[in-house]
Amino acid sequence: MPKRVDHAERRTEIAEALVRVAGRHGLHAVGMRDVAAEAGVSLRLVQYYFETKEKLLLFGLQHLTERFGERVTARLKATGERPGPRATIEALLMVALPADEESRTFHSVLTSYATLSINDPALAAQPFNKDPDAAEDTVTALLRQAREAGLLRPGVDPRLEAAGLLAMSAGLGTGILVGQRSPESATAVLEHHLDRVFQGG
């Protein structure tokens, strides 16, 4: 009897191969043939699951995002049973900093994707590009929750602070990647800003 193929597992294996190759050589240098070689499968099989490079990239990035969510959840669990708005925002921002191999890959591949999509209409049209808005909405909602609970300093605008915090995290992450600062330095900057946003900082 032929072995039953788990298609979801096979797609995930190919996505992980994409991420590994992109982490080593940059997303711009990745081809479907490279991914097939990394995954130990045929090019035809990669093309079977992902008809185009754009679809392969999109799935790979979605896989990265899911892994990011798992890391945030793990960090939150370590803080206790009921993490508040600040702890949740800290988890989102700190996990995004490229402080270890997985987060470095996450940050560099995400940044490469955004850069490539500027001049590639097929990449720009992918729904993944809407995710930054989702992140901003999430942080805004957490800050509004904190404001209702009296946890924010007077005059803090949740939407503006959410945009600023995410932009700061992205910029600090790039600074770590290029050797401008250490993860500890970037963490200190984010903590300093959160202290200015939240009461009792």
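For clarity, every value in this text was computed on a predicted model and none was experimentally measured.

**Q** Explain the overall build of the protein chain to me, and be specific about the residues and the numbers.
**A** The secondary structure content of the protein chain amounts to 10 helices and zero strands. Taken from the N to the C terminus, the helices and strands of the protein chain come in the order α-α-α-α-α-α-α-α-α-α. Along the three orthogonal principal directions, the C-alpha set of the protein chain runs to about 65 × 40 × 30 Å. The buried share of the protein chain, taken over its 201 residues, is 34%. Put simply, 64% of the contacts in the protein chain that link residues at least 6 apart link residues at least 24 apart.

**Q** Break down the nonpolar core for me, with residues and values.
**A** Soluble globular proteins: nonpolar side chains tend toward being buried together. In this structure, Ile14, Leu18, Leu27, Val35 and Leu56 are the most contacted members of the largest nonpolar core, which totals 28 residues. If one sorts the elements of this core by residue count, helix H4 (residues 53-79) sits on top with seven residues. The residues touching leucine 18, leaving out its near neighbours within four places in the chain, are Leu27, Val30, Val35, Leu56, Leu57 and Gly60. Among the nonpolar cores identified, the runner-up in size contains 19 residues, and Leu93, Leu142, Ala146 and Leu165 belong to it.

**Q** Could you give an account of the confidence of the model for the protein chain, naming the residues involved and the relevant values?
**A** Mean pLDDT over the protein chain works out to 87, with 94% of the residues at or above the 70 mark. For the protein chain, per-element mean pLDDT is lowest for helix H7 (residues 121-124), which scores 72, and highest for helix H10 (residues 183-197), which scores 95.

**Q** So what about the side chain of threonine 140? Which residues, and what values?
**A** Summarising the element assignment, threonine 140 is placed in helix H8 (residues 131-148). You can call threonine 140 buried: its relative accessible area is 0%. Of note is the side chain of threonine 140, whose polar atom sits 2.7 Å from the backbone oxygen of glutamate 136. Residues contacting threonine 140, with those up to four places away along its chain left out, are Pro158, Arg159 and Ala162.

**Q** Residue-level account of the environment of arginine 104, with values.
**A** Secondary-structure assignment places arginine 104 in helix H6 (residues 101-119). Judged by its relative accessible area of 36%, arginine 104 is partly exposed. The spacing of arginine 104 and isoleucine 176 is 72 residues in sequence and 8.9 Å in space, taken between C-alpha atoms. Not counting residues up to four positions away in its chain, the partners in contact with arginine 104 are Pro98, Ile176 and Leu177.

**Q** A description of the packing of H4 against helix H5 (residues 85-96) should follow, citing residues and the corresponding values.
**A** Any two packed helices are characterised by how steeply their axes cross, that is the angle between the axes, and by the distance between the axes. For the pair H4 and H5, interaxial distance at closest approach is 9 Å and the crossing angle is 130°. As judged from the angle between their axes, H4 and H5 are oblique. Crossing of H4 against H5: the hand is right-handed. Residue-level inspection shows Phe68, Arg71, Val72, Arg75 and Leu76 of H4 in contact with H5, the latter providing Ala87, Thr88, Glu90, Ala91, Leu92, Met94, Val95 and Ala96. Residue composition of the contact of H4 with H5, grouped by class: nine nonpolar, one polar and three charged.

Rules of the game
- Residues numbered from 1 in each chain as written.
- Predicted model: local features only at pLDDT ≥ 70, side-chain atom pairs only at ≥ 80, totals over all residues.
- Heavy atoms only, no water.
- Helix = DSSP H or I, 4+ residues; strand = E, 2+ residues; numbered from the N terminus.
- Buried < 20%, exposed > 50% of the residue type's maximum accessible area, 1.4 Å probe, protein only.
- Contact = heavy atoms within 4.5 Å.
- Core = buried A, V, L, I, M, F, W, Y, C linked by side-chain atoms within 4.5 Å.
- pLDDT = per-residue confidence, 0-100.
- Polar contact = N/O pair within 3.5 Å; in protein donor to acceptor, adjacent residues only side chain to side chain.
- Axes fitted to C-alpha atoms, helices over the stretch in contact; angles between N-to-C directions.
- Parallel < 35°, antiparallel > 145°, perpendicular 65-115°, else oblique.
- Left-handed = near helix turned anticlockwise from the far one by under 90°.
- Nonpolar A, V, L, I, M, F, W, Y, C, P; charged D, E, K, R; others polar.

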